[in-house]
Amino acid sequence: MITKNPAPCESQGSRDSTKSGSLLPSRLSQILQTPAVWFMLLLPIAGCSSQNAGQPPPPPPPPPAVQSPGITVDFGSRTNTQHAIRPGMIGANHVDWLPDRSNMSLISAAGITLSRTYANIPAVYRTKTPDWTQIDPQISDLQAEEFHVLLQVAYTPKWLHPKGSPCAAGHTAVAPASTSEWAQLAKSFVAHMDTKFPGVVTDYEIWNEPDAGGLCQSANRLSTYLALYAAAAPLMKQQAAADGATIRVGGPALSVVDPSWFQALLSNSSTAPYVDFVSYHHYVGNAADIGAAWDTNNGHVPLFQLTQDSSTGAAATYTQVAQLVAAGKQPLGASAPIYLDEFNTNWIFAKDCCRNDPTYAPVWNALFVSDLLNTVYSGAAQVPAQMTYFSANTHPYFCLIGIWNANMDCEIFGAGTPALYPQYYAYQLMAAPEYLGLGTGGYMAASIATTASGAGLVTTAFYTGKQDSILIVNPTGTSYSETVSAQNTGFSSPVANLYQVVNGQSISRSTLALMPSGTGYSMSVAIPAYTVVGISIQGQ
């Protein structure tokens, strides 16, 4: 057995007591409090010091490394109200198409509180006497689940079709033979909804995709649409005023952004005074892109690249619309609300890489929303007033709720139980009040900054009536560990929670330690590859 000698200046007693971990007896403690005894005990230490005379003292230990924040958000002490977020900003198309109210309630639980719904004019006016049972049950169910409704006032009953219609027999997406008579039908919907469902239908959109298949004629679509709008919008607003109701009327709900349509609608003296909101649709890919992968080039431009394209991506397209609106002559000018009331990865009713994928669906939807919110930091006057996902369920391949099957094709009436699809959880994280609360309304943060360490991430931030919220999207295959700095939070002793969409099937929640930093707090956050995370900061 080899015994290690004590190191110089180390007493055997000190080694033994350290090893045993025992406390000194109380009597010995009293003796050690005597000054003479302390003097004798210090002598060996002094002798040891003399042995090391002439040697430089060891350098002090380096200070702990301080990691610069990769993401810094300034909430402006919750007083910056430059860029407002409308309550109910997130909507879904055709919530009324879900099988029952229990499914509708799941949509509202995600903070999605608006349904874009067809007025069903051809069925209501199958004859010249309206049959309101063709629309009332849907509106009643939506009202019971506390949805507001954007009503699509579109299409023509058969008896009002023009002779020699350019469309297939029975096709309802045809311009009416008489625009004035069709305008009376539109007016009657306002009167009925104001009486039967006061406050439920807040917005009326005249027609749907009149630049494409929404008007089945191939010529003069723009002039036909302007005539419809000019005939109907004034009558609808007059009816609401007579009813003591406030409604918004707008359009043109274009399938693609065509500046000539916006310029015509917003400058024509017969239409511009009656435009309360401007709407468009954005499907990032088209038929040629259906085979695209998320972030690898397989012969197609990746969906990630399409979404962030500097000319045609989500932010670029919205910015273009905002500029066209700012140049218009509508009553609210540049402040006129902009509705993106259909959007998705692609408009083709077919499977793609990502629309319903457990990994990529949450990432794409959170990325798309973040990109549009962040346009206010690059010059846009406002965030979208309405973003309406397509759709709650439009089989095949478009949904928030459907049966999980091998194709993830949004079947809802087949064998199996409908369940929440992966993209649902992205909207629940962003919009639900128990998470980030975007659906309750609020204001964008004063500023967001990222350094090179966080350059692969997309971050947006806003504050609501009860909290500050940060959304971080990692659209890459790289995992990050970031220091996130939240400055001027407006809370003196806040607490923070961290959320993450997990496998497109749930949202995890954990507490997050806050460390004082400057005029706010910093947090260490792990952000795995291809994930969506959120942070809420609240006062205690």
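Residues numbered from 1 in each chain as written. Predicted model: local features only at pLDDT ≥ 70, side-chain atom pairs only at ≥ 80, totals over all residues. Heavy atoms only, no water.

Chemist: How do you make sense of the overall build of the protein when you look at a structure like this?
Modeler: Per the secondary structure count, the protein includes 13 helices and 24 strands. Residue burial in the protein is summarised as follows: out of 540 residues, 51% are buried. When contacts within the protein are restricted to residue pairs at least 6 apart in sequence, long-range pairs at least 24 apart make up 72% of them. Looking at the protein as shown, the accessible area adds up to about 23,500 Å², and 55% of this sits on carbon and sulfur atoms. (Helix = DSSP H or I, 4+ residues; strand = E, 2+ residues; numbered from the N terminus. Buried < 20%, exposed > 50% of the residue type's maximum accessible area, 1.4 Å probe, protein only. Contact = heavy atoms within 4.5 Å. Areas by Shrake-Rupley, 256 points an atom, 1.4 Å probe, with all protein chains shown as cover.)

Chemist: I'm lost on helix α4 (residues 101-109) in this one. Help?
Modeler: One turn of the α-helix equals 3.6 residues, which is why residues spaced by three or four share an orientation. Among the residues of α4, Asn103, Met104 and Ile107 are the ones counted as buried. Buried residues in α4, looked at end-on, bunch into an arc of 105°, giving them a common side. For α4, the secondary structure elements touched by its buried residues are α6 (136-144), β13 (401-402) and α13 (422-431). (Arc of directions from axis to C-beta.)

Chemist: Looking at this structure, how should I read helix α7 (residues 179-196)?
Modeler: Taking 1.5 Å per residue, 18 residues should reach 26 Å; α7 reaches 26 Å between its end C-alpha atoms and fits that length. Regarding α7, the residues found buried are Trp182, Ala183, Leu185, Ala186, Ser188, Phe189, Val190, His192, Met193 and Asp194. Contacts from the buried residues of α7 go to α5 (121-124), α6, β5 (148-153), β6 (201-206) and α8 (221-243). (Expected span 1.5 Å × (residues − 1).)

Chemist: What exactly am I supposed to notice about the sheet that holds strand β15 (residues 442-444) here?
Modeler: In a beta sheet, neighbouring strands pair by backbone hydrogen bonds and run either parallel or antiparallel. With antiparallel pairing, the seven strands of this open sheet are ordered in space as β2-β15-β17-β18-β24-β20-β21. Each of the sheet's edge strands pairs with one partner strand only, and the pair in question is β2 (84-85) and β21 (506-512). Pairing between strand β18 (residues 468-474) and strand β24 (residues 531-539): seven bridges, direction antiparallel. Bridge assignment links Val473 to a residue of β24, and that residue is Val532. Lying on the sheet, helix α12 (residues 360-373) is in contact with β15, β17 (458-463), β18, β20 (494-502) and β24; it crosses β18 at an angle near 125°. (Pairing = 2+ DSSP bridges. Axes fitted to C-alpha atoms, helices over the stretch in contact; angles between N-to-C directions.)

Chemist: Please explain the environment of Pro494 as it appears in this structure.
Modeler: Its location among the elements puts Pro494 in strand β20. Of the residues examined, Pro494 reaches a relative accessible area of 10% and is grouped as buried. The spacing of Pro494 and Gln540 is 46 residues in sequence and 5.8 Å in space, taken between C-alpha atoms. If we skip the residues at most four places from it in the chain, Pro494 touches Leu514, Tyr521, Ile537, Gln538, Gly539 and Gln540.

Chemist: Please clarify how the packing of helix α11 (residues 314-326) against α12 should be interpreted in this entry.
Modeler: Two numbers describe a pair of packed helices, the interaxial angle and the distance between the axes. Interaxial distance between α11 and α12 falls to 8 Å at its minimum, and their mutual angle equals 40°. It follows that α11 is oblique to α12 by the angle criterion. Crossing angle aside, the handedness with which α11 passes α12 is right-handed. Facing Ala314, Ala315 and Tyr318 of α11, the residues of α12 in contact are Phe368, Asp371 and Leu372. (Parallel < 35°, antiparallel > 145°, perpendicular 65-115°, else oblique. Left-handed = near helix turned anticlockwise from the far one by under 90°.)

Chemist: Is there a simple way to explain the packing of aromatic side chains in this structure?
Modeler: The geometry of an aromatic ring pair is captured by the separation of the ring centres together with the interplanar angle, meaning the angle of the planes. Scanning the model with the defined rule gives 24 aromatic pairs in all. Taking 6.1 Å as the distance between ring centres and 35° as the angle between the ring planes, the aromatic pair formed by Trp97 and Tyr118 counts as tilted. In this pair, Trp97 sits in the loop between β3 (90-93) and α4 while Tyr118 sits in strand β4 (residues 114-118), placing the two residues 21 residues apart along the sequence. A residue is classified by how much of its surface remains accessible, and Trp97, at 39% relative accessible area, is partly exposed. Consider the rings of Tyr424 and Tyr425, whose centres lie 5.6 Å apart with planes at 80°: the pair is edge-to-face. Each member of the pair Tyr424 and Tyr425 is classed as buried. Each residue in the set Trp97, Tyr118, Tyr155, Trp182 and Trp207 is aromatic and connected to the rest through ring pairs, giving one cluster. Between the NZ or CZ atom of Arg355 and the centre of the ring of Phe398, over which it lies, the distance is 4.1 Å. (Phe/Tyr/Trp six-rings, centres within 6.5 Å; stacked < 30°, edge-to-face > 60°. Lys NZ or Arg CZ within 6 Å of the ring centre and 35° of its normal.)

Chemist: How should I be thinking about the packing of α12 against α13 in this particular structure?
Modeler: Packing of α12 against α13 leaves a shortest axis separation of 7 Å and a crossing angle of 40°. Taken as axis vectors, α12 and α13 run oblique relative to one another. The chirality of how α12 crosses α13 is right-handed. Listed contacts from α13 to Ala361, Pro362, Asn365, Ala366 and Val369 of α12 are Pro422, Gln423, Ala426, Tyr427 and Met430. Residue composition of the contact of α12 with α13, by class: eight nonpolar, two polar and no charged. (Nonpolar A, V, L, I, M, F, W, Y, C, P; charged D, E, K, R; others polar.)

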